[in-house]
Number of protein chains: 2
Amino acid sequence: MQTLHVELGDRRYPIFIGSDLQPQELLAPYIKGQQVMIVTNTTVAPLYLNHYVTAVEALGKKVATCILPDGEKYKDIQHLTLIFDALLEAGFNRDCTVLALGGGVIGDMAGFASASFQRGVYFVQVPTTLLSQVDSSVGGKTGINHPLGKNMIGAFQQPQVVLADMSQLNTLPERELSAGLAEVIKYALLGDVEFLEWLETHMEALVARDPAVLAEAVYRSCAHKARIVANDEKEQGERALLNLGHTFGHAIESYLGYGEWLHGEAVATGMVMAADLSQRMGWISAEDVERTKNIISRANLPIVCPQIPLDQFLAYMAHDKKVLNGQLRLVLMKQLGQAIITKEFDLELMKQAILANQA
Amino acid sequence: MQTLHVELGDRRYPIFIGSDLQPQELLAPYIKGQQVMIVTNTTVAPLYLNHYVTAVEALGKKVATCILPDGEKYKDIQHLTLIFDALLEAGFNRDCTVLALGGGVIGDMAGFASASFQRGVYFVQVPTTLLSQVDSSVGGKTGINHPLGKNMIGAFQQPQVVLADMSQLNTLPERELSAGLAEVIKYALLGDVEFLEWLETHMEALVARDPAVLAEAVYRSCAHKARIVANDEKEQGERALLNLGHTFGHAIESYLGYGEWLHGEAVATGMVMAADLSQRMGWISAEDVERTKNIISRANLPIVCPQIPLDQFLAYMAHDKKVLNGQLRLVLMKQLGQAIITKEFDLELMKQAILANQA
Ligand SMILES: NC(=O)c1ccc[n+]([C@@H]2O[C@H](COP(=O)([O-])OP(=O)(O)OC[C@H]3O[C@@H](n4cnc5c(N)ncnc54)[C@H](O)[C@@H]3O)[C@@H](O)[C@H]2O)c1
Ligand SMILES: NC(=O)c1ccc[n+]([C@@H]2O[C@H](COP(=O)([O-])OP(=O)(O)OC[C@H]3O[C@@H](n4cnc5c(N)ncnc54)[C@H](O)[C@@H]3O)[C@@H](O)[C@H]2O)c1
Ligand SMILES: [Zn+2]
Ligand SMILES: [Zn+2]
């Protein structure tokens, strides 16, 4: 088991990363109070809920559960309310802990509920998708969607502890595993060419879910995110690097309709477009673009998207929140493994990069 | 105009207290960003909304409004959602300001919305009831009710600035003015016998809404609350002093059904019971109890409550959140103008104090 300590704001918390983690032992020092609400969904509950209920009960805590329907479309205020209902029906007070057992959707909802219930109770995260392990574990963002926008309502809420158990990834659908790998590859492309080389060596093991290799990838990814976020807690600058591939990806997701392509899949193709544009700008080589496409393909992720009319693609890109004062800012690669945030790109070349990577 | 600076957490903000305040001038340095959402209700909007819209527009800001139905019963998640709808329909971003124009209900809802929208935007408070001026202006608590409990869901959110305008109190119904005076009297009874003497001299002027005298009362009340809250940000100890009269009052409110008696009215009679018990404990004199009843009566507040069966009264008291580990803690007076939090009271004497102050 590896432990990564995240130093953020006024608090410090550990992410425990390994296989067959023992929640009873690991959670014991971090669960405050006597009441624990485990929030999960209908897919994850039959797989892992009993294990956590047993472990937390063995700590002498009163445990209650809240099982939400599975899906991004339920990440809304109506379903958030179900968590508050469960907390109050269980008679929980301001000393309770909310434990999120599930992917990013559950983490976001349980996290926001824990930030708002009684104006803030304790939060513990057990991310069960690769994407939530490498992304939601760090940064403290929680939130829900509104019909007029994703993640519009939420809070910053740091967990007491995060348990990232590679054994739980065995039940993850293949596409979800790959979607998580897209974010892993992102960390390499935006800031760590040595990590990219490591991924090139270990991609088969990752896809085969070798737990030790997965753990190493999760550790490195979380460490990257923690460093970037710590340097830029207020989201003024460096943190935007984490959006590599996301502005293009956002356009793909929006055009196809959320849910058609997974977020990670759209980001994967978006990173190809960002690499392609970086090459057209003369910053990276054709070989660098090939390496980018290659590692993405080997993660079973798409490197081209369906044909999308250019005007619509651009309109969706401009809707993206990375637009500052009407001026589009993109995350591109100054060199392979070194991303920058810039408004200084050629619009024509951008259009070419988009069109060149459609099926 | 008087200015009180509240020093709390990592931020400092001013409360401007006076008559016919000029919002344009006063708000100018404190409104960040270009977008301002004014949240108010159907009672306050026809009285004061135009004035604020004009003032904020004169600062060159884009102004939108959200007018909620009037009443505590609408302080819920459904009506909170209307504020998010309005913010997103107006196209507001994370640099916007939410301005609460109204009593404590509007302050709580707009405050929580501002804490959650985009994970936190700016917040400005214009409390238009005496109660919200002396209570909601300090402490940063915001929140909404749940069918299973009041103020169960919320956030801590400090405003950028508070404008407490005595002129706006002229339209306040008499009972609401008196309810605010109950909380003013509370500050005197719990910690400032000199303020009590001042109130004894000025109660007629307060009831007659003399703006200069009201402003002085608001200033002193906010200063008291600010001092207590600053000493005890985490609500471990001293802050509980602010609940003087509230545990008894809570029982009255609950038994009568919320809305029958105003909160301040129930607190008023609750303070009489607390004083009575303090005398029975031998801590204050019969004359002190008379002074307590006297100042409360002169504020047109009730000093006795309807007959409530004792077992029900006690059950409601025990439901109150000041119950710690099943042991009832009460705020009583060690001397007039000096409250303490204690479990060391005689249960029989408490019952006598309750029964002695029923009609
Ligand atoms: N807070 C943050 O910092 C942050 C970061 C990234 C993403 N997010 C949010 O996270 C969400 C995406 O997260 P996600 O990709 O984990 O999606 P998800 O939570 O929807 O999980 C994907 C699917 O996998 C299932 N699942 C989860 N764990 C499983 C397991 N161990 N075995 C089998 N199936 C399992 C889920 O039930 C779901 O059907 C989005 O809502 C996004 O906005 C938040
Ligand atoms: N956040 C805090 O620290 C805090 C502190 C105390 C109370 N509160 C909350 O505040 C609420 C009580 O506040 P309140 O007593 O102001 O109640 P309120 O907001 O319901 O206002 C009382 C009535 O007065 C009306 N009104 C407001 N301003 C007026 C004006 N200038 N002229 C005429 N009518 C006016 C309102 O529309 C309402 O009908 C409760 O929900 C309570 O939980 C919060
Ligand atoms: Zn992403
Ligand atoms: Zn009160």
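Residues numbered from 1 in each chain as written. Chains lettered and ligands numbered in written order. Predicted model: local features only at pLDDT ≥ 70, side-chain atom pairs only at ≥ 80, totals over all residues. Heavy atoms only, no water.

The name given to chain A in an unreviewed UniProt entry is 3-dehydroquinate synthase, with Acinetobacter towneri as the source organism. In its Subcellular location (unreviewed entry) section, the UniProt entry covering chain A states "Cytoplasm". (UniProt positions renumbered as here; feature names shortened; annotations may be inferred.)

1. Topic: the overall build of chain A
If you tally the helices and strands in chain A, you get 13 helices and 13 strands. Computed over its C-alpha atoms, the radius of gyration of chain A comes to 20 Å, within 12% of the 21 Å expected for a compact globule of 359 residues. Here the C-alpha coordinates of chain A stretch approximately 60 × 40 × 35 Å along the principal axes. Going through the 359 residues of chain A one by one, you find that 58% of them count as buried. Counting contacts in chain A only where the partners sit at least 6 residues apart, residues at least 24 apart contribute 75% of the total. Summed over its atoms, the accessible surface of chain A is roughly 13,700 Å², and 49% of this surface lies on carbon and sulfur atoms. Averaging the positions of the 29 positive and the 40 negative side-chain charges in chain A gives two centres separated by 6 Å. (Helix = DSSP H or I, 4+ residues; strand = E, 2+ residues; numbered from the N terminus. Rg over C-alpha atoms; globule rule 2.2 N^0.38 Å. Buried < 20%, exposed > 50% of the residue type's maximum accessible area, 1.4 Å probe, protein only. Contact = heavy atoms within 4.5 Å. Areas by Shrake-Rupley, 256 points an atom, 1.4 Å probe, with all protein chains shown as cover. Lys, Arg positive; Asp, Glu negative; His and termini not counted. Charge placed at Lys NZ, Arg CZ, Asp CG, Glu CD.)

2. Brief notes about the coordination of the zinc ion (ligand 3)
Residues and elements named next belong to chain A. Around the zinc ion (ligand 3), the protein contributes the donor atoms E183 (OE), H246 (NE2) and H263 (NE2), at 2.0 to 2.1 Å from the metal centre. In primary-sequence terms, the residues that donate to the zinc ion (ligand 3) follow E-x62-H-x16-H. Here the residue E183 occupies a position in helix 6 (residues 174-191), and H263 occupies one in helix 10 (residues 263-280), the gap between them amounting to 80 residues. (Donors = N, O, S within 2.8 Å, 3.2 Å for Na, K, Ca; no water.)

3. Let's talk about the environment of A339(A)
Residue and element names in this part refer to chain A. Topologically, A339 is positioned in strand 13 (residues 338-342). Residue classification places A339 among the buried positions, given a relative accessible area of 9%. A339 sits 90 residues away from G249 along the chain, and the two C-alpha atoms are 16 Å apart. Apart from residues no more than four positions distant in its own chain, A339 is found in contact with L189, L190, L241, V331, L332 and M333.

4. A word on the coordination of the zinc ion (ligand 4)
Residue and element names in this part refer to chain B. The zinc ion (ligand 4) binds to the protein through E183 (OE), H246 (NE2) and H263 (NE2), with metal-donor distances spanning 2.0 to 2.1 Å. Binding-site remark: the zinc ion (ligand 4) is held by donors from one chain whose sequence spacing is E-x62-H-x16-H. For E183, a relative accessible area of 0% puts it in the buried group.

5. Overview of the sheet that holds strand 2 (residues 11-18) of chain B
All names here are of chain B. Taken together, seven strands build an open sheet; the order of strands is 1-2-9-6-5-3-4 and the sheet is mixed. Both edges of this open sheet fall to strand 1 (2-8) and strand 4 (62-68), since each of them pairs with a single strand only. For this sheet, the mean angle separating the axes of adjacent strands, direction not counted, is 20°. Of the pairings in the sheet, the one linking strand 1 to strand 2 comprises seven bridges and is antiparallel in character. Along strand 2, the bridge assignment pairs Q2 with I17. Across the sheet, helix 4 (residues 104-116) is in contact with strand 3 (35-41), strand 4, strand 5 (97-102) and strand 6 (122-127); its angle to strand 5 comes to roughly 170°. (Pairing = 2+ DSSP bridges. Axes fitted to C-alpha atoms, helices over the stretch in contact; angles between N-to-C directions.)

6. A few points about the UniProt feature "domain: 3-dehydroquinate synthase N-terminal" (unreviewed entry) in chain A
Under the local residue numbering, the UniProt record ascribes the feature "domain: 3-dehydroquinate synthase N-terminal" (unreviewed entry) to residues 66-178 of chain A. What you have in residues 66-178 of chain A is 34% helix and 30% strand, and the ends, taken at the C-alpha atoms, are 28 Å apart.

7. A few points about the site of ligand 1
Residues and elements named next belong to chain A. Close to ligand 1 lie 26 residues; E72, T128, T129, K141 and T171 are nearest. Between ligand 1 and T128 there is a distance of 2.7 Å, counted from a nitrogen atom to a side-chain nitrogen or oxygen. Contact with the protein chains hides 86% of the accessible area of ligand 1, taken as 850 Å² for the molecule alone. Sorting the residues of the shell around ligand 1 by element identifies helix 2 (45-58), helix 4 (104-116) and helix 5 (130-136) as the ones contributing at least two each. For the shell around ligand 1, the leading source of residues is helix 5, giving four residues. Residues that form the shell around ligand 1 fall into these classes: seven nonpolar, eleven polar and eight charged. (Near = heavy atom within 4 Å. Polar contact = N/O pair within 3.5 Å; in protein donor to acceptor, adjacent residues only side chain to side chain. Nonpolar A, V, L, I, M, F, W, Y, C, P; charged D, E, K, R; others polar.)

8. Things to note about unusual backbone geometry
Across residues other than glycine, the phi torsion is negative in most instances, and most of the peptide bonds are trans. All names here are of chain A. Phi at Q118 takes a positive value of approximately 55°, unusual for a residue other than glycine. Mapped onto the fold, Q118 is located in the loop between helix 4 and strand 6 (122-127). Its identity as a non-glycine residue notwithstanding, R119 has a phi of 65°, on the positive side. The residue R119 is located in the loop between helix 4 and strand 6 in this model. The exposure class assigned to R119 is buried, which follows from its relative accessible area of 13%.

9. What to know about the domain arrangement of chain A
Residue and element names in this part refer to chain A. Domain boundaries assigned for chain A yield domain 1 (2-171) and domain 2 (174-356). For domain 1 and domain 2, the distance between their C-alpha centroids amounts to 27 Å. Facing the 26 residues of domain 1 at the interface are 26 residues of domain 2. Approximately 2,200 Å² of surface area, both sides summed, lies buried where domain 1 meets domain 2, with 67% of it carried by carbon and sulfur atoms. Per-residue buried area on domain 1 facing domain 2 is highest for L130, L131 and V134; these three make up 25% of the total on that side. In this structure, the connection of domain 1 to domain 2 is made through one salt bridge. A salt bridge links K225 to D135; the nearest nitrogen and oxygen atoms lie 2.6 Å apart. The tally of links between domain 1 and domain 2 comes to five residue pairs in polar contact (both at pLDDT 80 or more). (Domains from an automatic or database assignment. Buried area = accessible area lost by both parts, 1.4 Å probe. Salt bridge = Lys/Arg side-chain N within 4 Å of Asp/Glu carboxyl O.)

10. A look at the relation of the copies chain B and chain A
Mapping chain B onto chain A calls for a screw motion: a turn of 180° about the axis and a shift of 0.0 Å along it, with 0.0 Å RMSD after fitting. The transformation relating the two chain copies, once decomposed into turn and shift, fits a two-fold axis. The position closest to the rotation axis in chain B is occupied by the C-alpha of I77(B), lying 4.1 Å away. A shared interface surface links the copies, since 100% of the contact residues of chain B are contact residues in chain A too. (Least-squares fit on C-alpha atoms with pLDDT ≥ 70 in both.)

11. Considering empty space enclosed by the protein
Residue and element names in this part refer to chain B. A full pass over the atoms with the stated rule returns six cavities of 30 Å³ or more. Of the pockets and cavities examined, the largest cavity occupies roughly 60 Å³. Elements represented by at least two residues in the lining of the largest cavity include exactly helix 4, strand 6 and strand 7 (141-146). Per-class residue counts for the lining of the largest cavity are three nonpolar, seven polar and two charged. (1 Å grid on protein atoms, 1.4 Å probe; cavity = no way out; pocket = protein on both sides within 12 Å on 5 of 7 lines; lining within 4 Å. Points joined across faces, edges and corners; volume = space filled by probe spheres on them.)

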